[in-house]
Amino acid sequence: MKKHQIRIVGGHYRRTPISVPEGDHLRPTPDRVRETLFNWLAHFWDGTFAGRQVLDLFAGSGALGFEAASRGVALAQLVEQAPAALAGLRAVQARLKAPAIRIHAGDALAYLRAQPAPAFDLVLLDPPFGSDWLTRVAPLLGKALRPGGLVYLESGAAIDAPEAWRPLRAGRAGQVHYALMQFAATQENRNNDWFKTDPHSSSLSESA
């Protein structure tokens, strides 16, 4: 299978290549979008990534999770179940030798259900486009994400922010819509309206 490469765009492991097998199931977050996201996070976290725990729930190529590790988070937990993607994640993990990186081979929903207590400051959600993964994952996020924590979303359609969440930043790059929101403790009891995508709705305004 042919592969192409992307690179970590910032931090300790900047320019480290990540090989991505060709296929519809892997769609790495573009460099510019990753750079924007981590600039946003640096703003909201006062430039401090140390001590933060990050969950990359549909890791794929690992672009988002490895980027978090490169910026110095305490834990970058990557969850993936596709064998080819897992092999790629483990190859990069072995190259980086970063103690913050953990890889879990398994289903995203099962991983969330198994969480004993909320422990993550940020959940990265970049599931396959055109699926219902987001609506299935949303009711379980309270098991992993601390109240006041952040959620990063990517979607192939405009993102309509749920009322009980605080939209922080949003943007669009080509067909990719992306947004950063703040988790609300009360949201655990308001699962049905957590996430909606509507190609005719207005996306959140972009702000850097």
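Our structure is the block above this text.
So, how was this worked out
Residues numbered from 1 in each chain as written. Predicted model: local features only at pLDDT ≥ 70, side-chain atom pairs only at ≥ 80, totals over all residues. Heavy atoms only, no water. Pairing = 2+ DSSP bridges. Helix = DSSP H or I, 4+ residues; strand = E, 2+ residues; numbered from the N terminus. Salt bridge = Lys/Arg side-chain N within 4 Å of Asp/Glu carboxyl O. Buried < 20%, exposed > 50% of the residue type's maximum accessible area, 1.4 Å probe, protein only. Axes fitted to C-alpha atoms, helices over the stretch in contact; angles between N-to-C directions. Parallel < 35°, antiparallel > 145°, perpendicular 65-115°, else oblique. Left-handed = near helix turned anticlockwise from the far one by under 90°. Contact = heavy atoms within 4.5 Å. Nonpolar A, V, L, I, M, F, W, Y, C, P; charged D, E, K, R; others polar. Phe/Tyr/Trp six-rings, centres within 6.5 Å; stacked < 30°, edge-to-face > 60°. Core = buried A, V, L, I, M, F, W, Y, C linked by side-chain atoms within 4.5 Å.

### Quick word on the pairing of strand 5 (residues 101-105)
Turning to step 1, where the next piece is worked out: In the sheet, strand 4 (residues 75-80) pairs with strand 5 via five bridges, with the strands oriented parallel. Paired with Gln77 across the two strands is Arg102, which belongs to strand 5.

### Considerations on the pattern of salt bridges
Turning to step 1, where the next piece is worked out: According to the stated counting rule, one finds five salt bridges in the structure shown.
Turning to step 2, where the next piece is worked out: A salt bridge links Asp31 to Arg34; the nearest nitrogen and oxygen atoms lie 2.3 Å apart. Of the two residues, Asp31 and Arg34 are both situated in helix 1 (residues 31-44); the distance of three residues between them amounts to about one turn of the helix.
Turning to step 3, where the next piece is worked out: The class for Asp31 is partly exposed, based on a relative accessible area of 37%.
Turning to step 4, where the next piece is worked out: The salt bridge involving Arg34 is made with Glu67; its shortest N-O contact spans 2.9 Å. Of this pair, Arg34 sits in helix 1 while Glu67 sits in helix 2 (residues 63-70); the two residues are 33 residues apart in sequence, bridging distant segments of the chain.

### Let's talk about the sheet that holds strand 5
Turning to step 1, where the next piece is worked out: One open sheet accounts for seven strands, arranged 5-4-3-6-7-10-9; its pairing is mixed. In the strand order of this sheet, the two ends are held by strand 5 and strand 9 (166-173), each with one partner. When strand polarity is set aside, the average angle formed by the axes of neighbouring strands in this sheet is 15°.
Turning to step 2, where the next piece is worked out: Inspection of the sheet shows strand 7 (residues 145-155) paired to strand 10 (residues 176-182) by six bridges, in the antiparallel sense. What sits directly across from Glu154, in strand 10, is Tyr178.

### Observations regarding helix 2
Turning to step 1, where the next piece is worked out: In terms of burial, helix 2 is a largely internal element, eight of the eight residues being buried.
Turning to step 2, where the next piece is worked out: Every buried residue of helix 2 is listed here: Ala63, Leu64, Gly65, Phe66, Glu67, Ala68, Ala69 and Ser70.
Turning to step 3, where the next piece is worked out: Looking one or two residues beyond helix 2, the residue adopting positive phi is Gly72, at roughly 105°.

### So, the packing of helix 1 against helix 2
Turning to step 1, where the next piece is worked out: The interhelical angle for the contact between helix 1 and helix 2, taken along N-to-C directions, is 45°, at an axis separation of 11 Å. One finds that helix 1 runs oblique with respect to helix 2. Helix 1 and helix 2 meet at a crossing whose hand is right-handed. Residue-level inspection shows Arg34, Leu37 and Phe38 of helix 1 in contact with helix 2, the latter providing Ala63, Leu64, Glu67 and Ala68.
Turning to step 2, where the next piece is worked out: Its residues placed into classes, the contact of helix 1 with helix 2 shows five nonpolar, no polar and two charged.

### Digging into the pairing of strand 7
Turning to step 1, where the next piece is worked out: Along strand 7, eight of the eleven residues are buried, which leaves the element largely enclosed by surrounding structure.
Turning to step 2, where the next piece is worked out: As defined by bridge partners, strand 6 (residues 120-125) adjoins strand 7 across five bridges and the pair is classed as parallel. Of the residues in strand 7, the one forming a bridge with Leu125 is Leu153.

### Quick word on the packing of aromatic side chains
Turning to step 1, where the next piece is worked out: Within the structure shown, the criterion is met by three aromatic pairs.
Turning to step 2, where the next piece is worked out: Three or more aromatic residues link up through ring pairs in this structure, and these residues are Phe38, Trp45 and Phe49.

### Re the nonpolar core
Turning to step 1, where the next piece is worked out: In terms of nonpolar packing, the biggest core is built from 38 residues, with Leu37, Leu41, Phe66, Leu96, Leu122, Tyr152 and Leu180 touching the most fellow members.
Turning to step 2, where the next piece is worked out: Non-local contacts of Tyr152, meaning those with residues more than four positions away in its chain, are made with Thr29, Val33, Leu37, Leu64, Leu122, Val123, Leu124, Leu125, Tyr178, Ala179 and Leu180.
Turning to step 3, where the next piece is worked out: Formed by 27 residues, the second largest nonpolar core is a distinct cluster that contains Leu57, Ala144, Ala170 and Met181.

### With respect to the side chain of Gln77
Turning to step 1, where the next piece is worked out: Secondary-structure assignment places Gln77 in strand 4.
Turning to step 2, where the next piece is worked out: Among residues more than four places away in sequence, those in contact with Gln77 are Val54, Leu55, Asp56, Arg102, Ile103, His104, Tyr111 and Phe120.

Spatial relationships are all this shows, so hold off on functional conclusions.
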